[in-house]
Amino acid sequence: MENFNQTSQREFILLGLSDVPYIQYICFALFLIMYLITLSGNVLLIVGVWINERLQTPMYFFLSNLSIIDICFSSTIVPRILMNTVSTDRSISLVGCALQMYFHMALGAAECVILAVMAYDRFVAICRPLHYLTIISKKMCIGLASIAWSAGFGGASIHVTLTFQLPFCKSHHVNHFFCEMPPFFKLSCKDTQLNEIVMYIAAQIIILFAFFLTFISYVRIISTILKIISTQGRDKAFSTCASHLLVVSMYFGPSIFMYLKPRSAQSPEIDKVMSLVYTAVTPMLNPIIYSMRNKDVTDTIKSKL
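Residues numbered from 1 in each chain as written. Predicted model: local features only at pLDDT ≥ 70, side-chain atom pairs only at ≥ 80, totals over all residues. Heavy atoms only, no water.

Student: Account for the packing of aromatic side chains, naming residues and giving values.
Tutor: Enumeration according to the criterion identifies 17 aromatic pairs in this entry. Aromatic pair phenylalanine 103 and phenylalanine 153: ring centres 6.1 Å apart, planes at 80°, arrangement edge-to-face. Within this pair, whereas phenylalanine 103 is found in helix H4 (residues 94–127), its partner phenylalanine 153 is found in helix H6 (residues 138–163), the two being separated by 50 residues in sequence. Exposure remark for phenylalanine 103: the relative accessible area of 35% places this residue in the partly exposed category. Classification of phenylalanine 153 as partly exposed rests on a relative accessible area of 25%. Each residue in the set Phe73, Phe211, Tyr251, Phe252 and Tyr278 is aromatic and connected to the rest through ring pairs, giving one cluster. (Phe/Tyr/Trp six-rings, centres within 6.5 Å; stacked < 30°, edge-to-face > 60°. Helix = DSSP H or I, 4+ residues; strand = E, 2+ residues; numbered from the N terminus. Buried < 20%, exposed > 50% of the residue type's maximum accessible area, 1.4 Å probe, protein only.)

Student: Tell me about empty space enclosed by the protein, and please be specific about residues and values.
Tutor: Using the criterion set out here, one finds 1 cavity of 30 Å³ or more in the structure. Approximately 80 Å³ is the volume found for the largest cavity. If you trace the largest cavity, you find it lined by Gly16, Leu17, Ser18, Ile23, Gln24, Cys27, Ile81, Asn84, Thr85, Arg90 and Phe177. Counting only elements with at least two residues in the lining of the largest cavity, the list comes to helix H2 (21–51) and helix H3 (58–86). For the lining of the largest cavity, the residue count by class is 5 nonpolar, 5 polar and 1 charged. (1 Å grid on protein atoms, 1.4 Å probe; cavity = no way out; pocket = protein on both sides within 12 Å on 5 of 7 lines; lining within 4 Å. Points joined across faces, edges and corners; volume = space filled by probe spheres on them. Nonpolar A, V, L, I, M, F, W, Y, C, P; charged D, E, K, R; others polar.)

Student: Could you give an account of the confidence of the model for the protein chain, with specific residues and numbers?
Tutor: Summing up the model confidence of the protein chain, the mean pLDDT is 83 and the portion of residues at 70 or higher is 89%. Confidence over residues 1–8 falls short of pLDDT 50; this stretch has 9 contacts with residues more than four positions distant or in other chains. (pLDDT = per-residue confidence, 0-100. Contact = heavy atoms within 4.5 Å.)

Below is the structure:
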């Protein structure tokens, strides 16, 4: 037992998605394609905003921040999935696991806040158009983006510190495809109630608060849009917000399910699916959704290819 405890403190084994060979090959191909689309799509969007002066506005500044987060977010998780899918050695060091958990949580929280900031930006643009440039100034843009990044990286350090102070003496086999907090609580032989309370409080502060701000912004936006007499004006306003609403629903839904449900309702297989949605699928779809519904972005990318 002593030898086992020492081993479990040095490294963990990620059980992954499946042990069936042909499913592993399918998963590898799918995740490789998704990762390449994520990288290329987000890089193209960032470059498109950078080279087109018309796109250098607050809305696209926040969108570029979202793309950077998505690139880093996906790169924190997907390469490890690809390695573990084709390798018989699925071990990950204690330090490697802690770093993966840290960046995953930091970037995930930053994305929550930046999505709320983008909703606020749309609220000001539609509901306060005459004061838009005064309210959403360059200084305000930098400040809001800084809050998003700081909230993510600051909160993650607390969670990771508390998690890796736990003694993992039950097992060192993690029933997940990356180092995420909930599966780690099951490995500890110590009461994890404090860790779970901290996780729930942090999730409520970051996820629910960001979701609430987004919801309030869109209630006001929709109320204002419905008062627009021109049909063309209403359609243009709705089109501006539709992409962001779709991204918000895809991200917040799985995140709320993953971090705010009671421990008794946890299911390893369902948790894996939910984690896949916001760590691999959403970062891939974000640039596609925004660029497909945005003529300025698509025209810029086409003209430079």
